[in-house]
Structures are given as structure tokens and as C-alpha cells.
2 protein chains.
Amino acid sequence: MVMNKLKKPSICGCMLDFSREEITTHMREAEVDLLEWRLDVHIRQHSIEDALTAFSLFSSESRLPFLVTNRPVREGGSFDGGEWRRIEVLQRAVDAGAEWVDLEPDVPESELNWFRMKKASVLLSHHEMNDTPATAALQERVAKMLERKPDVIKIATVAREQEDNLRVLGLIPWAQKEFGTDIIAFCMGDVGRWTRIACVAMGSPWTYVQMPGQTRAAPGQLLARDMRAIFKAMGML
Amino acid sequence: MVMNKLKKPSICGCMLDFSREEITTHMREAEVDLLEWRLDVHIRQHSIEDALTAFSLFSSESRLPFLVTNRPVREGGSFDGGEWRRIEVLQRAVDAGAEWVDLEPDVPESELNWFRMKKASVLLSHHEMNDTPATAALQERVAKMLERKPDVIKIATVAREQEDNLRVLGLIPWAQKEFGTDIIAFCMGDVGRWTRIACVAMGSPWTYVQMPGQTRAAPGQLLARDMRAIFKAMGML
């Protein structure tokens, strides 16, 4: 049985280029609550056919829920094929049983509707890979993303100084008050590392961690077991 | 030999009502870097004479540095005697060898000078036990405290909502930019618990923890071993 209901706070483990065998092992990983499968990285390392074949894993019993991501190059990812092909890979994953899909904020409404119709949960995500915009720009971005009515949104920016961290974390209570919704908002990079912990203490549904045997999906990421130890020590688990 | 130089980030363990024997054991506690001895609590539980006698511990070899605090009732502490008597206890502690003294921001300049003359390091601390003031009020408070030229200042407020946490943490980079100094600033209470970790990630010299066998000195405090595990998992130790 797949656990569809995520408790809060949850830990999302990032799988970059695991083989099919490694995914099979980790999809019952006790240290995380959700698995993000970075299909763009998997496809670059293996092939699109290998990914599509591996989707049969979604019909396995007793596994964690999967969040499938196929990040394009323009958003800091590895998928360099056409846009329709990129979305089609995600559709195939959802058809095969993936519970969550990560989409960019500019995804056409028709595509979004397709995923909704399939009862997939939608995460809209936006990344700023160089710095952290001002509060007004960040809030405008969040408001626009929420207009699309996704299940969760994620904002990740690169922190260059501590004020960047506070500005991004400030989006969490702001979105709670303005829209009554919990968003994922944290900073990447070493300066922002602590926000990956703080965001869930402030209400973010989950935080991203590095899986054992995988490199970091983004700078500043902590290991799954370390994040778990931290939440435990903080009395959050 | 007493370790006078504190590395960053440091963990300060709070001793409330340990007996002399317990203090002897804990003053070599490996999990903390500094020990705050809440003399006001010790005096209430034991007696002023017991405290004064126990100051001979400061001449022990191989111990952690001590921060002595004699918090008055008006600041949320337990010392209900006269003001001169309160300061005198701290002076006796410093004369006996305590390295750090915690003083309130309204301490007369003559008293502050006495501690400076004795080469004690001075921590000026301010507590808001009910809520968290607005940013302008907090900044004014910090600026006034820094005018006294203490070695470190500490601001601790009670967080009622997440914005309170962000406002208080924002004082750390603000003081770094305005005055070139690292301050201790965090929030008490369950809502503010994560700021006890974040503050040191942002530059605060130390954070306060509960010692084994002691109750919490303030709401939201983590155990020494848990804070240590968190710093380790974050790659900060």
C-alpha cells in the first residue's frame, strides 16, 4: 500500500541517478517520507527508455509516495529535449502510478488540468539559482503561483547573506495569512543551509534531503539521516 | 586550565539548582562549551552562603568557563534581595574566578567598570517575557545596549507567531552591519524553539541549552546532547 497522506513535517529524499535496483531498495527507505525522482538526471545518466521502463516500479507494494520531476535546463535541470516530450515523460510517470508531479509555474493550464484529472498532486516550483529577489518580487511570484491552484508550491533561492534567508522564510507566514496555505520556501547554498530545517518548523509541508549514495541535488542539502536526527532532537518527530 | 577562548558556535549549558557535587561533575561536561550558573535559582533553592562557599569551585583545574547570572525577579529571575546585594554576589563570583558575568542593561556604569577592571567578560542581556516588540523598538534596545560596550549582548523574547522569530533573528545581521558585532538573539517558547539553532548558524556566539538532570531554564530550550547532535548534523561542529 502506498502512503498517500503525508504527515507534517515530512522529509523528501532526492534520487538523481539511482539504477532501477537502487530505486527498488530506496523506495522503502525508512528515513524519508516522500521520494523525489529527478527524471531529468536519470534520463541524462541512463536514457529516456530506461526511465519509462522503470515506471513499472510504481505498481510495487509497500513503497513510499513518489514525486516526479523533469527539470528543464532553463530551470537549472538536465532535461534538454523538447517541451512536449518533457511533459509527456511526467504524464507517463503519473499514468504508471506516481502520486506527485513537480511542474514549473509557466506550465499551460491544459497540462495542469491533465494531471488534476488523473488525481495526481501538483507541486509548482520556482528556483532562483543566482540570488534572492526582494520581498515584493517574491510575494508577487508566490501569489501568481497560487493562482494556479496547485496542491503545494515551492520557492528555492540562493542565499548570499543572512537577510536573504529571512526574506524567503518570511514568505511562509505571509502565505499562511494571505492565502491560508503552507508553502515550501527555503534557501540553497551553505549560507541558507539552516533554512532547510527552519522552513518545516515554520509550516512547510516538507524539506529536501540527500539520499545515501547520491550526491546533493542542490547546494546546502543535508543527508536524510541527519535531517531526521535534527527533527528528532527538536522534538518534531 | 580554563578554556577562556570560546570557539564558535558554542553551546552554553544552564545550571539552575545543581548541588556543589553536581556542579563539580558538570564543570567538565563534554557536551557544552560554557556553563551559565543561575545563582539566583541556586540561592533560592539552597542559600546565599552555600553559593558563596561553592565559588571555591572556580579555582578547580580543567574546567569549563563559567558565566554567572543573578537574575532579579523584575527580569524573570529568582533573586528577590536588594540590588547591591545582588551585584555583590556576582562580584564575589568574579573575584573567585568566574570568567563571564551576565548583567542587565540598566546596570550602573560604575558596576560595569568594576567587572571590566577585574578582566571579566560582560554579557548584557535583555528579556521580554510576554511577547516580541516591533523591529524599531528591538533595534533601539540593541543600539542602547551596545553603547555600554559589553563583550556580548543577548536579546531573548517570547515568540507568539513566526514573524516574531524572523524579527528577532533579523537583529543578528543588522547588528553585524551597523556595529560590526555578533549578538545573541533568539526567541523563547515552543514557537521560537528553532531560533535557538538558527541564531548560531547566523553568527550568535552561543546558544543556551538544558543540562542533563536540570529542568529547562526557559521555555523552548533543547537538551545539551540534542543541540550538539543538531550542530554536528548541520556540519557546524
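All of these numbers come straight from a predicted model, not from anything done at the bench. (Residues numbered from 1 in each chain as written. Chains lettered and ligands numbered in written order. Predicted model: local features only at pLDDT ≥ 70, side-chain atom pairs only at ≥ 80, totals over all residues. Heavy atoms only, no water.)

Residue and element names in this part refer to chain A. Topologically, Cys14 is positioned in strand S1 (residues 10-15). Its relative accessible area of 1% is what places Cys14 among the buried residues. Not counting chain neighbours up to four residues away, the residues in contact with Cys14 comprise Glu36, Tyr208, Val209, Met211, Gln214, Ala217 and Gln221. (Helix = DSSP H or I, 4+ residues; strand = E, 2+ residues; numbered from the N terminus. Buried < 20%, exposed > 50% of the residue type's maximum accessible area, 1.4 Å probe, protein only. Contact = heavy atoms within 4.5 Å.)

Residue and element names in this part refer to chain A. If you walk across this open sheet you meet the 8 strands as S7-S6-S5-S4-S3-S2-S1-S8, and the pairing is parallel. Pairing within the sheet leaves two strands with one partner each, and these edge strands are strand S7 (184-188) and strand S8 (206-210). Direction aside, neighbouring strands of the sheet carry axes that sit 25° apart on average. Packed on one face of the sheet, helix H6 (residues 135-147) meets strand S5 (121-128) and strand S6 (152-158) and runs near 155° to S6. Contacts from helix H7 (residues 162-169) reach S6 and S7, with the element oriented near 170° to S7. (Pairing = 2+ DSSP bridges. Axes fitted to C-alpha atoms, helices over the stretch in contact; angles between N-to-C directions.)

Before going further, it helps to examine the packing of helix H4 (residues 83-96) of chain A against helix H5 (residues 109-117) of chain A. Angle between the axes and distance between the axes are the two parameters that describe a pair of packed helices. Residues and elements named next belong to chain A. Following both chains from N to C, one finds H4 and H5 inclined at 10°, their axes separated by 10 Å at the closest point. Between H4 and H5, the angle falls in the class roughly parallel. Two secondary-structure elements touch here, H4 through Trp84, Ile87, Leu90, Gln91, Val94 and Asp95 and H5 through Glu111, Trp114 and Phe115. Here the residues of the contact of H4 with H5 sort into 6 nonpolar, 1 polar and 2 charged. (Parallel < 35°, antiparallel > 145°, perpendicular 65-115°, else oblique. Nonpolar A, V, L, I, M, F, W, Y, C, P; charged D, E, K, R; others polar.)

The subject of this paragraph is the nonpolar core. Formed by 165 residues in total, the largest nonpolar core has its most connected members in Leu103(A), Trp194(A), Trp206(A), Leu103(B), Phe115(B), Trp194(B) and Trp206(B). If we ignore the near neighbours within four places in the chain, the residues touching Leu103(A) are Ile87(A), Leu90(A), Leu112(A), Phe115(A), Val122(A), Leu123(A), Leu124(A) and Ser125(A). (Core = buried A, V, L, I, M, F, W, Y, C linked by side-chain atoms within 4.5 Å.)

What follows concerns the interface of chain B and chain A. Contacts between chain B and chain A engage 19 residues on the former and 20 residues on the latter. Considering only the surface of chain B that becomes buried against chain A, Leu166(B), Trp194(B) and Met234(B) emerge as the three largest contributors, covering 30% of it. The interface formed by chain B and chain A includes 4 salt bridges. Note that Glu161(A) and Lys177(B) form a salt bridge whose closest N and O atoms lie 3.0 Å from each other. Linking chain B with chain A are 6 residue pairs in polar contact (both at pLDDT 80 or more), by the criterion used here. The greatest single-element share of the side of chain B that touches chain A, amounting to 4 residues, is contributed by helix H7 (residues 162-169) of chain B. (Buried area = accessible area lost by both parts, 1.4 Å probe. Salt bridge = Lys/Arg side-chain N within 4 Å of Asp/Glu carboxyl O. Polar contact = N/O pair within 3.5 Å; in protein donor to acceptor, adjacent residues only side chain to side chain.)

So, on to the relation of the copies chain B and chain A. At an RMSD of 0.0 Å, chain B and chain A line up after a rotation of 180° and a shift of 0.0 Å along the axis. In the structure described here, the two chain copies are related by an operation that fits a two-fold rotation axis. When C-alpha distances to the rotation axis are compared across chain B, the minimum falls at Ile230(B), with a value of 2.6 Å. Mapped onto chain A, 100% of the interface residues of chain B again fall at the interface, so both copies present the same surface. (Least-squares fit on C-alpha atoms with pLDDT ≥ 70 in both.)

Residue and element names in this part refer to chain B. For helix H5 (residues 109-117), every residue scored as buried is listed here: Glu111, Leu112, Trp114 and Phe115. End-on, the buried residues of H5 take up no more than an arc of 155°, which puts them together on one face. Those residues of H5 that are exposed and angled more than 90 degrees off the buried face are Ser110 and Met117. In this structure, the buried residues of H5 make contact with helix H4 (83-96), strand S4 (100-103) and strand S5 (121-128). At the exit of H5 stands Lys119, carrying a positive phi of roughly 65°. (Arc of directions from axis to C-beta.)

Moving on, we come to unusual backbone geometry. Peptide bonds are trans in most cases, and residues, glycine excluded, mostly fall at negative phi. All names here are of chain B. Despite not being glycine, Lys119 shows a phi value in the positive range, around 65°. Looking at the element boundaries, Lys119 is found in the loop between H5 and S5. Residue classification places Lys119 among the exposed residues on the basis of a relative accessible area of 73%.

Moving on, we come to the environment of Arg38(B). Residue and element names in this part refer to chain B. Tracing the backbone through its elements, the reader meets Arg38 in strand S2 (residues 34-38). When its relative accessible area of 10% is taken as the criterion, Arg38 is described as buried. When the C-alpha atoms of Arg38 and Ala217 are compared, they prove to be 8.7 Å apart, with 179 residues separating the residues in sequence. With near-sequence residues (within four places) excluded, Arg38 lies in contact with Met15, Leu16, Thr69, Arg71, Gly76, Gly77 and Ala217. Polar side-chain contacts of Arg38 include one of 2.8 Å to the side chain of Asp40.

Turning our attention to the pattern of salt bridges. Enumeration according to the criterion identifies 38 salt bridges over all chains in this entry. The shortest N-O distance in the salt bridge between Glu140(B) and Lys144(B) comes to 3.8 Å. Here the residue Glu140(B) and the residue Lys144(B) both occupy positions in helix H6 (residues 135-147), the gap between them amounting to 4 residues, near one helical turn. Accessibility expressed as a relative area gives 49% for Glu140(B), which makes it partly exposed. Residues joined in a network through salt bridges with shared partners are Arg71(A), Arg74(A), Glu83(A), Arg86(A), Asp102(A), Glu104(A) and Asp106(A).

Our next topic: the packing of aromatic side chains. For the structure shown, the criterion picks out 21 aromatic pairs over all chains. Over the ring of Tyr208(B) we find Lys154(B); its NZ or CZ atom is 4.1 Å from the centre of that ring. (Phe/Tyr/Trp six-rings, centres within 6.5 Å; stacked < 30°, edge-to-face > 60°. Lys NZ or Arg CZ within 6 Å of the ring centre and 35° of its normal.)

Looking at chain A, the pLDDT average stands at 94 and 98% of residues meet or exceed 70. Across the assembled chains, the prediction reports ipTM 0.93 with pTM 0.95. (pLDDT = per-residue confidence, 0-100.)

The next thing to look at is the environment of Val200(B). Residue and element names in this part refer to chain B. Along the chain, the position of Val200 falls in helix H9 (residues 195-201). Val200 gets classed as buried once you look at its relative accessible area, which sits at 6%. The spatial distance from the C-alpha of Val200 to the C-alpha of Ile11 is 9.2 Å, given a sequence separation of 189 residues. Residues within four places of Val200 in sequence aside, it is in contact with Pro9, Ser10, Trp206, Thr207, Phe231 and Met236.

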